[in-house]
Amino acid sequence: MGDAKTRARLRFPAGGRGFSRVRGVVAVLLWLGGAVPARADAPAPPPDLSVLTGQLARAASRAAAADLEVRLERARRHGLSPTARLLERGAMAHLADGKALGAVEDLNDALVLQPDIAILWRDRAQARLAARDLTGAVADLGVALQRDGQDAVAWRLLSAVEEQRGDWQAAEKAWQRVMALDPMVEGGRANGERLHLKAFGRPT
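About the thresholds
Residues numbered from 1 in each chain as written. Predicted model: local features only at pLDDT ≥ 70, side-chain atom pairs only at ≥ 80, totals over all residues. Heavy atoms only, no water. Helix = DSSP H or I, 4+ residues; strand = E, 2+ residues; numbered from the N terminus. Buried < 20%, exposed > 50% of the residue type's maximum accessible area, 1.4 Å probe, protein only. Contact = heavy atoms within 4.5 Å. Areas by Shrake-Rupley, 256 points an atom, 1.4 Å probe, with all protein chains shown as cover. Polar contact = N/O pair within 3.5 Å; in protein donor to acceptor, adjacent residues only side chain to side chain. 1 Å grid on protein atoms, 1.4 Å probe; cavity = no way out; pocket = protein on both sides within 12 Å on 5 of 7 lines; lining within 4 Å. Points joined across faces, edges and corners; volume = space filled by probe spheres on them. Nonpolar A, V, L, I, M, F, W, Y, C, P; charged D, E, K, R; others polar. Expected span 1.5 Å × (residues − 1). Phe/Tyr/Trp six-rings, centres within 6.5 Å; stacked < 30°, edge-to-face > 60°. Lys NZ or Arg CZ within 6 Å of the ring centre and 35° of its normal. Core = buried A, V, L, I, M, F, W, Y, C linked by side-chain atoms within 4.5 Å.

Caption draft 1: Quick peek at the overall build of the chain. Summing up its helical and strand segments, the chain has eleven helices and zero strands in all. Overall, the chain shows an N-to-C arrangement of helices and strands of α-α-α-α-α-α-α-α-α-α-α. Buried positions account for 41% of the 204 residues belonging to the chain. Considering only residue pairs separated by 6 or more positions, the chain has 56% of its internal contacts joining residues 24 or more positions apart. In the structure as shown, the chain presents an accessible area of about 11,300 Å², 56% of it carried by carbon and sulfur atoms.

Caption draft 2: Broad picture of the side chain of Arg128. Locating Arg128 in the fold gives a position in helix H7 (residues 118–130). Polar side-chain contacts of Arg128 include one of 3.2 Å to the side chain of Asp140. Leave out the neighbours within four places in its chain, and Arg128 touches Val104, Asp133, Gly136, Ala137 and Asp140.

Caption draft 3: Geometry of the layout of surface pockets. Its volume calculated, the largest pocket comes out at about 210 Å³. What lines the largest pocket is a set of 13 residues, and nearest its centre among them are Leu49, Ala75, Arg76, Ile117 and Ala118. At the level of elements, helix H4 (62–76) and H7 are the ones that each hand at least two residues to the lining of the largest pocket. A breakdown of the residues in the lining of the largest pocket according to their chemical character gives seven nonpolar, two polar and four charged.

Caption draft 4: Region of interest: unusual backbone geometry. The residue Arg132 is not glycine, and still its phi comes out positive at about 70 degrees. When you line up the elements, Arg132 lands in the loop between H7 and helix H8 (134–147).

Caption draft 5: Spatial organisation of helix H6 (residues 100–113). For H6, built from 14 residues, the straight-helix expectation of 20 Å at 1.5 Å per residue is met to within 8% by its first-to-last C-alpha distance of 20 Å. Within H6, ten of the 14 residues are buried, which leaves it mostly tucked inside the rest of the structure.

Caption draft 6: Summary view of the packing of aromatic side chains. Tallied over the full model, the rule gives zero aromatic pairs. Between the NZ or CZ atom of Lys198 and the centre of the ring of Trp168, over which it lies, the distance is 5.2 Å.

Caption draft 7: Highlighting the nonpolar core. Of all hydrophobic cores here, the largest spans 19 residues; its most connected members are Leu129, Leu141, Trp155, Leu157, Leu158 and Val161. Only H7, H8, helix H9 (152–165) and helix H10 (168–181) provide two or more residues apiece to this core. Looking at this core element by element, the count peaks at six residues for H9. In this view, Val161 contacts Leu129, Leu134, Ala137, Val138 and Leu141; residues no more than four positions away in its chain are not counted. By size, the runner-up hydrophobic cluster in this structure holds 17 residues, among which are Leu87, Ile117, Trp121 and Val143.

Note that all results are geometric; they support no functional claim without further evidence.
Next comes the structure, spelled out in structure tokens:
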């Protein structure tokens, strides 16, 4: 984190609004050469997404599905670096404060660090949706799903974006993927029927 190449790739905006608290912390960590001291013990192995995804598809109750949804979210964020996690938390704080563009900027920086992490693309799509950048949200979800096509949350977000774009058939098709991956998703059947009626004008 502390070499010149890494520092050169990260661009923090100056002037105007200045650094956010999170950006200031990240900048200090980068210049000091790392966010967390090295640990002597071996890192924990990454969770097996395929196993958890299979369990979610077979969940027998909403409670069991909800537990697996949480575990999958944790598993998908397992590979985030400490600096990317700080940026991600800053983005979520910006969204909570209604500052969608600030969230997009934080996630831009996180993606400079770890463009291979699918969930960061999904997170930026969520921020772009909040900023009413529907085209950008669809583009980011395309990348996220190319890297992790079993992410039911990404498909659910894509369905919501396509609904706002007025493409009801695309929204309904994305929701079918949600139901295949997470059959116990809250409101799943009712939402599927609503989207099908909007897309095709007849009940399922």
